[in-house]
Amino acid sequence: KKPQRSGSNVFDNFDQQQIQEFKEACTIIDQDRDGFISEKELKDMWASLGIIQDDKFCAEMVKVSPGQINFTAILTFMGEKRADTDPEDVLHNAFACFDVQNTGYITQAIFTNALTQLGDRFT
């Protein structure tokens, strides 16, 4: 089933595999298994990734959610973030423009040239 990008049901925005992956991630983060992700659990998650975040940063993350952070809140957040992105085929085609040898990779030289020589300069 291909995910849809609209609809009022947050589960409609993802396919079953994506939903399962989010569920597994939430289960890993929710260390006390109460169904909610706390500031402490967020801090521990960052630490497990090798990033030390202070309490203020994690408190701000929790404040973004209109209520407690649970699985549905995570799906809602990810759906909102996803709505601001291009579809996968558009991204694939954009990168394919730079994969001149059709290897599935963009060489450093081509990538550097694209970043420094193409498009508008921002100052």
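Worth saying up front: this structure is predicted, and the values here are computed from it rather than measured. The residue numbers shown here count from 1 along each chain, following its written sequence. The model is predicted, so local features are restricted to residues of pLDDT at least 70 and side-chain atom pairs to those at 80 or more, both for listing and for counting; the totals for chains, interfaces and linings are taken over all residues. Values reported for side chains reflect all heavy atoms of the structure, with hydrogen atoms and water molecules removed beforehand.

Q: Even after reading the chapter, I still don't get the overall build of the protein chain, so can you show me in this structure?
A: Tallying secondary structure elements over the protein chain gives six helices and zero strands in all. Along the protein chain, helices and strands appear, N-terminal first, in the series α-α-α-α-α-α. Its C-alpha atoms give the protein chain a radius of gyration of 19 Å, clearly above 14 Å, the size a compact globule of 123 residues would have. If one aligns the C-alpha atoms of the protein chain with their principal axes, the spans along those axes are about 50 × 40 × 30 Å. Counting across all 123 residues of the protein chain, residues that qualify as buried make up 19%. Should any heavy atoms of two residues lie within 4.5 Å, those residues are counted as being in contact. Restricting to contacts in the protein chain with at least 6 residues of sequence separation, those with at least 24 account for 41%. Where accessible areas are quoted, they stem from the Shrake-Rupley method and a 1.4 Å probe; at the residue level, only the protein chains shown are allowed to cover. A total accessible area of about 9,700 Å² is found for the protein chain, and carbon and sulfur atoms account for 56% of it. Counted as positive: Lys and Arg. Counted as negative: Asp and Glu. His and the chain ends are not counted at all. To locate a charge, take NZ of a lysine, CZ of an arginine, CG of an aspartate or CD of a glutamate. Here the protein chain contributes 12 positive and 20 negative side-chain charges, whose respective centroids are spaced 2 Å apart. Runs of E in the DSSP output that reach at least two residues are strands. Runs of H or I that reach at least four are helices, and both are numbered from the N terminus. Each radius of gyration reported is based on C-alpha atoms, and the globular scaling rule is 2.2 Å times the count of residues to the power 0.38. The rule is simple: take the accessible area with a 1.4 Å probe, protein chains only, and divide by the maximum for that residue type; under 20% is buried, over 50% is exposed, in between is partly exposed.

Q: How should the environment of Phe71 be read in this particular structure?
A: Secondary-structure assignment places Phe71 in helix H4 (residues 71-83). Separated by 34 residues in the primary sequence, Phe71 and Ile37 have C-alpha atoms spaced 8.7 Å apart. If we ignore the near neighbours within four places in the chain, the residues touching Phe71 are Phe11, Ile19, Phe22, Lys23, Cys26 and Gly35.

Q: Is there a simple way to think about unusual backbone geometry in this case?
A: In this model, Arg33 sits at a positive phi of 55°, which is unusual for a non-glycine residue. With respect to the helices, strands and loops of the structure, Arg33 is situated in the loop between helix H1 (16-29) and helix H2 (39-48). Classification of Arg33 by relative accessible area gives exposed; the value is 54%. Phi is positive for Asn102, which is not a glycine, with a value near 55°. Residue placement: Asn102 occurs in the loop between helix H5 (88-96) and helix H6 (108-117).

Q: Would you explain the environment of Asp99 in this entry?
A: Tracing the backbone shows Asp99 in the loop between H5 and H6. The spacing of Asp99 and Ile110 is eleven residues in sequence and 8.5 Å in space, taken between C-alpha atoms. Setting aside anything within four residues of it in sequence, one finds Asp99 in contact with Gly104 and Tyr105.

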